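Descriptive analysis of the structure
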Amino acid sequence: MMSRDLQAEDAPIRAILNAMDALEFIAQSRQGVGVRELARILRLTPATASRVVASLQASDMLDQDPDTARYHLGPRALKIAADHSRSINLHGVAESYLRDLVDATGETIFLGVLDGAEVVVINRIDSPQPLRMAGELGTREPAHCTALGKIMLASKPTHERADLVAHLALEPGAGNRVMTREALEAVLEETAGRGWALDDEEHFEGVRCVAAGIVNSEGRTIAAISVSGPAVRMTDAKIAATVPTLRAMAAAISRRLGYRPADAVNAPR
(Lines give C-alpha, C1' and ligand atoms only; values in the text may rest on other atoms or scores of the structure.)
Protein backbone atom coordinates (compact mmCIF):
# COMPACT_ATOMS: atom_id res chain seq x y z
CA MET A 1 0.00 0.00 0.00
CA MET A 2 1.09 3.58 -0.62
CA SER A 3 2.51 5.88 2.05
CA ARG A 4 0.14 8.09 4.03
CA ASP A 5 2.89 10.61 4.89
CA LEU A 6 0.90 13.57 3.52
CA GLN A 7 0.04 16.98 4.91
CA ALA A 8 -3.50 18.17 5.63
CA GLU A 9 -3.56 20.31 2.50
CA ASP A 10 -2.92 17.17 0.45
CA ALA A 11 -6.38 15.73 1.22
CA PRO A 12 -7.35 15.39 -2.49
CA ILE A 13 -4.18 13.40 -3.15
CA ARG A 14 -4.84 11.26 -0.08
CA ALA A 15 -8.35 10.53 -1.31
CA ILE A 16 -7.01 9.37 -4.68
CA LEU A 17 -4.40 7.17 -3.02
CA ASN A 18 -7.02 5.67 -0.73
CA ALA A 19 -9.23 4.92 -3.74
CA MET A 20 -6.35 3.28 -5.64
CA ASP A 21 -5.43 1.16 -2.61
CA ALA A 22 -9.07 0.14 -2.18
CA LEU A 23 -9.36 -0.92 -5.84
CA GLU A 24 -6.14 -2.91 -5.66
CA PHE A 25 -7.19 -4.73 -2.49
CA ILE A 26 -10.72 -5.45 -3.68
CA ALA A 27 -9.42 -6.69 -7.05
CA GLN A 28 -7.41 -9.36 -5.23
CA SER A 29 -10.39 -10.69 -3.29
CA ARG A 30 -12.57 -13.49 -4.68
CA GLN A 31 -15.28 -13.05 -2.03
CA GLY A 32 -15.50 -9.27 -2.14
CA VAL A 33 -14.61 -6.89 0.68
CA GLY A 34 -16.69 -5.25 3.39
CA VAL A 35 -16.22 -1.68 4.61
CA ARG A 36 -14.87 -2.69 8.03
CA GLU A 37 -12.35 -5.09 6.51
CA LEU A 38 -11.24 -2.43 4.05
CA ALA A 39 -10.86 0.12 6.84
CA ARG A 40 -8.74 -2.29 8.87
CA ILE A 41 -6.47 -3.28 5.97
CA LEU A 42 -5.94 0.29 4.74
CA ARG A 43 -5.76 1.72 8.27
CA LEU A 44 -8.64 4.09 7.64
CA THR A 45 -11.54 5.05 9.85
CA PRO A 46 -14.79 3.28 8.95
CA ALA A 47 -16.24 6.63 7.92
CA THR A 48 -13.36 7.30 5.52
CA ALA A 49 -13.56 3.78 4.08
CA SER A 50 -17.31 4.26 3.54
CA ARG A 51 -16.69 7.50 1.63
CA VAL A 52 -14.03 5.81 -0.52
CA VAL A 53 -16.25 2.91 -1.57
CA ALA A 54 -19.27 5.19 -2.06
CA SER A 55 -17.27 7.37 -4.47
CA LEU A 56 -15.97 4.35 -6.36
CA GLN A 57 -19.43 2.82 -6.54
CA ALA A 58 -20.89 6.08 -7.86
CA SER A 59 -18.37 6.01 -10.71
CA ASP A 60 -19.08 2.32 -11.52
CA MET A 61 -15.62 1.29 -10.38
CA LEU A 62 -17.21 -0.89 -7.66
CA ASP A 63 -20.38 -2.92 -7.31
CA GLN A 64 -22.00 -3.90 -4.02
CA ASP A 65 -23.55 -7.32 -3.57
CA PRO A 66 -27.07 -6.65 -2.22
CA ASP A 67 -27.08 -9.90 -0.22
CA THR A 68 -23.65 -9.70 1.45
CA ALA A 69 -23.03 -5.92 1.26
CA ARG A 70 -19.50 -6.74 0.12
CA TYR A 71 -17.85 -4.82 -2.70
CA HIS A 72 -16.45 -6.21 -5.98
CA LEU A 73 -14.93 -4.55 -9.02
CA GLY A 74 -17.58 -2.75 -11.04
CA PRO A 75 -18.17 -2.68 -14.81
CA ARG A 76 -16.01 0.37 -15.42
CA ALA A 77 -12.98 -1.12 -13.64
CA LEU A 78 -13.42 -4.40 -15.50
CA LYS A 79 -13.65 -2.59 -18.85
CA ILE A 80 -10.46 -0.64 -18.12
CA ALA A 81 -8.68 -3.89 -17.23
CA ALA A 82 -9.96 -5.63 -20.37
CA ASP A 83 -9.01 -2.72 -22.64
CA HIS A 84 -5.51 -2.65 -21.15
CA SER A 85 -5.12 -6.41 -21.53
CA ARG A 86 -6.08 -6.26 -25.21
CA SER A 87 -3.58 -3.47 -25.84
CA ILE A 88 -0.65 -5.44 -24.46
CA ASN A 89 1.53 -7.18 -27.04
CA LEU A 90 3.92 -9.82 -25.69
CA HIS A 91 6.46 -9.17 -28.45
CA GLY A 92 6.46 -5.44 -27.86
CA VAL A 93 6.69 -5.74 -24.09
CA ALA A 94 9.44 -8.37 -24.14
CA GLU A 95 11.71 -7.02 -26.90
CA SER A 96 13.78 -4.56 -24.86
CA TYR A 97 14.20 -7.05 -22.01
CA LEU A 98 15.42 -9.73 -24.41
CA ARG A 99 18.02 -7.32 -25.77
CA ASP A 100 19.10 -6.41 -22.24
CA LEU A 101 19.47 -10.12 -21.50
CA VAL A 102 21.73 -10.58 -24.54
CA ASP A 103 23.87 -7.68 -23.32
CA ALA A 104 24.03 -9.15 -19.81
CA THR A 105 24.85 -12.74 -20.81
CA GLY A 106 26.45 -12.57 -24.25
CA GLU A 107 24.29 -15.52 -25.34
CA THR A 108 21.29 -16.06 -27.63
CA ILE A 109 17.88 -15.37 -26.13
CA PHE A 110 14.69 -17.17 -27.18
CA LEU A 111 11.05 -16.34 -26.45
CA GLY A 112 8.65 -19.26 -26.78
CA VAL A 113 5.10 -20.35 -26.10
CA LEU A 114 3.68 -23.80 -25.42
CA ASP A 115 1.41 -25.45 -27.98
CA GLY A 116 0.35 -28.83 -26.65
CA ALA A 117 3.52 -30.85 -26.13
CA GLU A 118 5.67 -28.54 -28.28
CA VAL A 119 7.40 -25.20 -27.84
CA VAL A 120 6.98 -22.64 -30.61
CA VAL A 121 9.80 -20.08 -30.90
CA ILE A 122 8.26 -16.64 -31.45
CA ASN A 123 11.32 -14.41 -31.05
CA ARG A 124 15.10 -14.70 -31.00
CA ILE A 125 17.83 -12.18 -30.25
CA ASP A 126 21.23 -13.43 -31.43
CA SER A 127 24.41 -13.55 -29.40
CA PRO A 128 27.15 -11.24 -30.71
CA GLN A 129 29.66 -14.09 -30.49
CA PRO A 130 30.75 -16.05 -33.60
CA LEU A 131 29.82 -19.41 -32.00
CA ARG A 132 26.16 -19.07 -31.12
CA MET A 133 22.78 -20.75 -31.18
CA ALA A 134 20.54 -20.63 -34.25
CA GLY A 135 16.85 -21.27 -34.68
CA GLU A 136 14.17 -20.01 -37.04
CA LEU A 137 11.08 -18.23 -35.77
CA GLY A 138 8.14 -20.59 -35.77
CA THR A 139 10.38 -23.58 -35.08
CA ARG A 140 8.69 -26.28 -33.01
CA GLU A 141 10.66 -28.22 -30.44
CA PRO A 142 9.62 -31.01 -28.04
CA ALA A 143 8.71 -29.42 -24.71
CA HIS A 144 10.09 -32.10 -22.40
CA CYS A 145 13.74 -31.74 -23.46
CA THR A 146 14.00 -27.96 -23.83
CA ALA A 147 14.38 -25.44 -21.04
CA LEU A 148 11.57 -23.31 -22.51
CA GLY A 149 9.24 -26.29 -22.59
CA LYS A 150 10.14 -27.65 -19.18
CA ILE A 151 9.47 -24.40 -17.32
CA MET A 152 6.09 -24.05 -19.02
CA LEU A 153 5.17 -27.70 -18.39
CA ALA A 154 6.30 -27.36 -14.77
CA SER A 155 4.13 -24.28 -14.34
CA LYS A 156 0.95 -26.10 -15.34
CA PRO A 157 -1.56 -27.13 -12.66
CA THR A 158 -0.77 -30.66 -11.51
CA HIS A 159 -3.63 -32.39 -13.36
CA GLU A 160 -2.84 -30.59 -16.65
CA ARG A 161 0.84 -31.39 -16.34
CA ALA A 162 0.16 -35.08 -15.66
CA ASP A 163 -2.13 -35.28 -18.69
CA LEU A 164 0.47 -33.66 -20.96
CA VAL A 165 3.26 -35.91 -19.69
CA ALA A 166 1.08 -38.99 -20.18
CA HIS A 167 0.72 -38.20 -23.89
CA LEU A 168 4.31 -37.16 -24.64
CA ALA A 169 6.31 -39.12 -27.18
CA LEU A 170 9.58 -39.70 -25.33
CA GLU A 171 11.78 -40.35 -28.35
CA PRO A 172 15.54 -40.93 -28.10
CA GLY A 173 17.68 -37.85 -28.61
CA ALA A 174 20.77 -36.32 -27.05
CA GLY A 175 22.54 -38.39 -24.41
CA ASN A 176 21.17 -36.57 -21.35
CA ARG A 177 17.51 -36.66 -22.41
CA VAL A 178 15.05 -37.96 -19.83
CA MET A 179 13.42 -41.11 -21.22
CA THR A 180 10.80 -42.17 -18.64
CA ARG A 181 7.64 -40.39 -17.54
CA GLU A 182 8.47 -40.95 -13.88
CA ALA A 183 11.87 -39.30 -14.28
CA LEU A 184 10.34 -36.41 -16.24
CA GLU A 185 7.71 -35.83 -13.52
CA ALA A 186 10.52 -35.63 -10.97
CA VAL A 187 12.44 -33.14 -13.14
CA LEU A 188 9.33 -30.99 -13.61
CA GLU A 189 8.59 -31.04 -9.88
CA GLU A 190 12.15 -29.89 -9.17
CA THR A 191 11.84 -27.23 -11.88
CA ALA A 192 8.58 -25.92 -10.42
CA GLY A 193 10.15 -25.73 -6.98
CA ARG A 194 13.14 -23.63 -8.02
CA GLY A 195 11.37 -21.48 -10.64
CA TRP A 196 13.70 -22.06 -13.60
CA ALA A 197 14.49 -24.87 -16.03
CA LEU A 198 17.68 -26.39 -17.40
CA ASP A 199 18.33 -28.11 -20.73
CA ASP A 200 21.60 -29.90 -20.03
CA GLU A 201 22.51 -31.01 -23.57
CA GLU A 202 19.17 -32.83 -23.78
CA HIS A 203 17.90 -31.43 -27.08
CA PHE A 204 21.20 -30.82 -28.87
CA GLU A 205 24.55 -32.22 -27.81
CA GLY A 206 26.93 -29.45 -26.79
CA VAL A 207 24.15 -26.93 -26.05
CA ARG A 208 22.93 -25.87 -22.60
CA CYS A 209 19.99 -23.56 -21.89
CA VAL A 210 18.20 -22.09 -18.90
CA ALA A 211 14.67 -20.66 -18.97
CA ALA A 212 12.18 -18.80 -16.80
CA GLY A 213 8.44 -18.35 -17.24
CA ILE A 214 6.43 -15.23 -18.10
CA VAL A 215 3.18 -14.85 -16.17
CA ASN A 216 0.16 -12.80 -17.25
CA SER A 217 -2.30 -10.71 -15.27
CA GLU A 218 -4.36 -13.81 -14.46
CA GLY A 219 -1.37 -15.53 -12.87
CA ARG A 220 -0.90 -18.01 -15.72
CA THR A 221 2.45 -18.83 -17.32
CA ILE A 222 1.87 -17.95 -20.98
CA ALA A 223 5.42 -17.91 -22.36
CA ALA A 224 9.06 -18.31 -21.38
CA ILE A 225 12.47 -16.85 -22.16
CA SER A 226 15.71 -18.78 -22.34
CA VAL A 227 19.43 -18.13 -22.44
CA SER A 228 21.11 -20.63 -24.78
CA GLY A 229 24.72 -21.22 -25.67
CA PRO A 230 27.46 -23.77 -26.28
CA ALA A 231 28.25 -25.94 -23.28
CA VAL A 232 31.87 -24.74 -23.31
CA ARG A 233 30.58 -21.28 -22.33
CA MET A 234 27.43 -22.26 -20.45
CA THR A 235 29.35 -23.77 -17.55
CA ASP A 236 27.74 -24.45 -14.17
CA ALA A 237 29.30 -21.23 -12.88
CA LYS A 238 27.89 -19.17 -15.75
CA ILE A 239 24.46 -20.74 -15.35
CA ALA A 240 24.50 -19.92 -11.64
CA ALA A 241 25.40 -16.32 -12.47
CA THR A 242 22.83 -16.11 -15.29
CA VAL A 243 19.74 -17.45 -13.52
CA PRO A 244 19.10 -14.44 -11.22
CA THR A 245 19.28 -12.03 -14.17
CA LEU A 246 17.10 -14.29 -16.31
CA ARG A 247 14.46 -14.57 -13.60
CA ALA A 248 14.54 -10.83 -12.97
CA MET A 249 13.93 -10.12 -16.67
CA ALA A 250 11.08 -12.65 -16.80
CA ALA A 251 9.57 -11.07 -13.69
CA ALA A 252 9.87 -7.59 -15.21
CA ILE A 253 8.05 -8.71 -18.37
CA SER A 254 5.39 -10.38 -16.21
CA ARG A 255 4.84 -7.14 -14.27
CA ARG A 256 4.44 -5.26 -17.55
CA LEU A 257 1.75 -7.78 -18.50
CA GLY A 258 -0.09 -6.99 -15.27
CA TYR A 259 1.05 -9.88 -13.09
CA ARG A 260 1.10 -9.46 -9.33
CA PRO A 261 2.27 -12.35 -7.10
CA ALA A 262 -1.06 -12.40 -5.25
CA ASP A 263 -2.74 -13.29 -8.59
CA ALA A 264 -0.69 -16.44 -9.13
CA VAL A 265 -2.58 -19.49 -10.43
CA ASN A 266 0.23 -21.58 -11.87
CA ALA A 267 3.36 -19.45 -11.61
CA PRO A 268 6.55 -21.37 -10.75
CA ARG A 269 6.40 -22.41 -7.13
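Check the entry above for the structure.
These numbers were taken from a predicted model, which means no experiment stands behind them.

Among the structural elements, D63 can be located in strand β1 (residues 62-64). With 10 residues separating them in the primary sequence, D63 and L73 have C-alpha atoms 5.9 Å apart. Filtering out sequence-adjacent residues up to four positions away, D63 remains in contact with R70, Y71, H72, L73, G74 and P75.

By the bridge criterion, 7 bridges tie strand β3 (residues 108-115) to strand β4 (residues 118-125) in an arrangement that is antiparallel. Its bridge partner being in β4, L114 is matched across the sheet by V119. Two successive antiparallel strands, β3 and β4, enclose a turn made up of 2 residues, where G116 displays a positive phi of approximately 65 degrees. For β4 and strand β5 (residues 140-142), the ladder comprises 3 bridges, and the chain directions are antiparallel. Pairing of V120 across the sheet is with R140, part of β5.

What follows deals with the sheet that holds strand β6 (residues 197-200). What the 6 strands build is an open sheet, ordered β5-β4-β3-β8-β7-β6; its pairing is antiparallel. Each edge of the open sheet is held by one strand with a lone partner, namely β5 and β6. Within the sheet, the average angular offset between the axes of one strand and its neighbour, ignoring direction, is 30 degrees. Sheet strands in contact with helix α5 (residues 90-105) are β3, β4, β7 (207-215) and β8 (221-230), and its direction is about 70 degrees off that of β4. On top of the sheet, helix α9 (residues 236-256) reaches β6, β7 and β8; it is set at about 25 degrees to β7, its chief contact.

Moving on, we get to helix α3 (residues 46-58). The end-to-end C-alpha distance of α3, which contains 13 residues, comes to 18 Å, matching closely the 18 Å that a straight helix rising 1.5 Å per residue would cover. Of the residues making up α3, those classed as buried are T48, A49, V52, V53 and L56. Looking straight down α3, one finds that the buried residues subtend no more than 130 degrees of arc, so they occupy a single side. Opposite its buried face, α3 presents the exposed residues R51 and A58, each directed more than 90 degrees away.

The rules behind the values
- Residues numbered from 1 in each chain as written.
- Predicted model: local features only at pLDDT ≥ 70, side-chain atom pairs only at ≥ 80, totals over all residues.
- Heavy atoms only, no water.
- Helix = DSSP H or I, 4+ residues; strand = E, 2+ residues; numbered from the N terminus.
- Contact = heavy atoms within 4.5 Å.
- Pairing = 2+ DSSP bridges.
- Axes fitted to C-alpha atoms, helices over the stretch in contact; angles between N-to-C directions.
- Expected span 1.5 Å × (residues − 1).
- Buried < 20%, exposed > 50% of the residue type's maximum accessible area, 1.4 Å probe, protein only.
- Arc of directions from axis to C-beta.

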